[in-house]
Structure formats: C-alpha cells, structure tokens
Amino acid sequence: MVRVLAALLLTILALPFTLYIPAVSSYVKDIATAIASESTGWQITASSLDIDFPLTVSLTDVTVITAPADTMIQAGRLEADIAVLPLLTLRIEAETITAAKARHSSLLSDSTLSIIAAIDKCSLKESSLSLSKNAIAIGEAIVDGADITIDFDMSRQKAEEPDTAAAEPWLITADRI
C-alpha cells in the first residue's frame, strides 16, 4: 500500500515536468488554443509552444482574431518569463513579456475608427494579471520600432444596435511607458 501511494505521489509530482517534452507541449498547445478559442469565441492559433525551465513560455506564429475585422495580435514570437507560485492564486506574474514582429488591427463596430499597428518588438517588464480581481499591472512598457495608423472617418459610420450586455470592469495600471 505504501509503495502504491509513493508511486502515485511521484507520478503527480512528475506530471508538470512532462510539459518540457516537445511532443507533450505541442499536444497541450493544441488543446489550450482549442479551449481558449471555444470559451472566448475568438480564433486563437499558434504554430509551436516551447517551455524552458523554470517557466519561460514561448509561442511562435501566434494569431488572435476577435472579430472578422479585428486582429488583437499576430506575432512571430511571444515569450514570457512566468513566476510559478502566483499561478496557484489565479495570478500571472511575469518578469518580462516580449512580442516580436507583431501586428494589431481593429475596426470600431460602427466603422468610424480603425487602428493598424506593426511593431518590431514590444516588451512589458514586471507585469501581472489577476483573473480574480480583473486587474492588469504593467511595470514598464517598451516599444522598439512601430508603425501605427489611426483612421477616424465619421462618413463611414454605420447604424448599430446598442450594446446592452454588462461588461466586467478591469483595472489597468502602467508605471512607465
């Protein structure tokens, strides 16, 4: 009985380390993007997921499309150095989050405002996201090489139904941009 419990405990403790195996991380990436796409209604894809010890997570060829005319992000590479213990409290803390070769495009629902951005490299330092408190904190944001186009044209305005859904408020703070 003691051997069975010891083997079970050892298996449970070893399970997270299997994520460092490329085939396992690829399988987990496919499951995670499918679940995230289904739960948000967005199209979320990534070509690969790499995890380095202790917890540096890298995604390549990432695309998040939130609506037909809106690409939240398309990046050649996203990388984050994530702290492990805060994850237990639904909090994500990262020393550094970097996006390389990133693009963003959005169109307001009434078609009056469009934003298109191409960014060579963007880094967020000492950042955190609390899912339980709906809060994002950014210590420092650095952008290296960007081309941003903002187009505001009231003549393109289309009639739209008012949004009556109650949105959850988020608190977003940034110390240095």
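Residues numbered from 1 in each chain as written. Predicted model: local features only at pLDDT ≥ 70, side-chain atom pairs only at ≥ 80, totals over all residues. Heavy atoms only, no water.

A closer look at the overall build of the chain
Step number 1: From N to C terminus, the chain includes two helices and eight strands.
Step number 2: Across the chain, helices and strands are ordered from the amino to the carboxyl terminus as α-α-β-β-β-β-β-β-β-β.
Step number 3: Here the chain has a C-alpha radius of gyration of 20 Å; the compact-globule value for 177 residues is 16 Å, and the former is much larger.
Step number 4: For the chain, the spread of C-alpha atoms along the three principal axes comes to 75 × 35 × 30 Å.
Step number 5: When each of the 177 residues of the chain is scored for burial, the buried share is 25%.
Step number 6: In the form shown here, the chain has an accessible surface area of approximately 12,400 Å², with 64% of it arising from carbon and sulfur atoms. (Helix = DSSP H or I, 4+ residues; strand = E, 2+ residues; numbered from the N terminus. Rg over C-alpha atoms; globule rule 2.2 N^0.38 Å. Buried < 20%, exposed > 50% of the residue type's maximum accessible area, 1.4 Å probe, protein only. Areas by Shrake-Rupley, 256 points an atom, 1.4 Å probe, with all protein chains shown as cover.)

With respect to the pairing of strand S2 (residues 48–52)
One face of the sheet, then the other: side chains in a regular strand alternate in exactly this way.
Step number 1: Only one face of S2 is covered, namely the one carrying Leu49 and Ile51; the face carrying Ser48, Asp50 and Asp52 has none of its residues buried.
Step number 2: Sheet topology places S2 next to strand S3 (residues 56–67); five bridges connect them, and they run antiparallel. The residue bridging Asp50 from the neighbouring strand is Ser58, located in S3.
Step number 3: Hairpin connection from S2 to S3: three residues lie between these consecutive antiparallel strands. (Pairing = 2+ DSSP bridges.)

Details of a nonpolar patch on the surface
Step number 1: Nonpolar side chains collect at one region of the surface, where Tyr27, Val28, Ile31 and Ile35 lie side by side and expose about 380 Å² of accessible area between them.
Step number 2: Turning to its location among the elements, Ile35 is positioned in helix H2 (residues 22–40).
Step number 3: We classify Ile35 as exposed; its relative accessible area is 54%. (Patch = residues over 30% accessible without salt bridge, like charges linked within 9 Å, V, L, I, M, F, W, Y side chains within 5 Å. Salt bridge = Lys/Arg side-chain N within 4 Å of Asp/Glu carboxyl O.)

Focus on the packing of aromatic side chains
Two numbers describe a pair of aromatic rings. These are the distance of the centres and the angle of the planes.
Step number 1: Tallied over the entire structure, the rule returns one aromatic pair.
Step number 2: A centroid spacing of 6.0 Å and a plane angle of 50° characterise the contact between Tyr20 and Phe53, whose relative ring orientation is tilted. One end of the pair, Tyr20, is in the loop between helix H1 (2–14) and H2; the other, Phe53, is in the loop between S2 and S3, and 33 residues separate them in sequence. (Phe/Tyr/Trp six-rings, centres within 6.5 Å; stacked < 30°, edge-to-face > 60°.)

Here we look at unusual backbone geometry
Leaving glycine out, the prevailing phi sign among residues is negative, and the prevailing peptide bond configuration is trans.
Step number 1: The amide bond that connects Phe53 to the next residue, Pro54, takes the cis arrangement and shows omega of 0°.
Step number 2: When you line up the elements, Pro54 lands in the loop between S2 and S3.
Step number 3: Non-glycine residue Glu126 carries a positive phi angle of around 50°.
Step number 4: Mapped onto the fold, Glu126 is located in strand S6 (residues 113–130).
Step number 5: Residue classification places Glu126 among the exposed residues on the basis of a relative accessible area of 57%.
Step number 6: Of note in this structure, Asn134 is not a glycine but carries a positive phi near 50°.
Step number 7: Tracing the backbone through its elements, the reader meets Asn134 in the loop between S6 and strand S7 (135–152).
Step number 8: For Asn134, a relative accessible area of 16% translates into the label buried.

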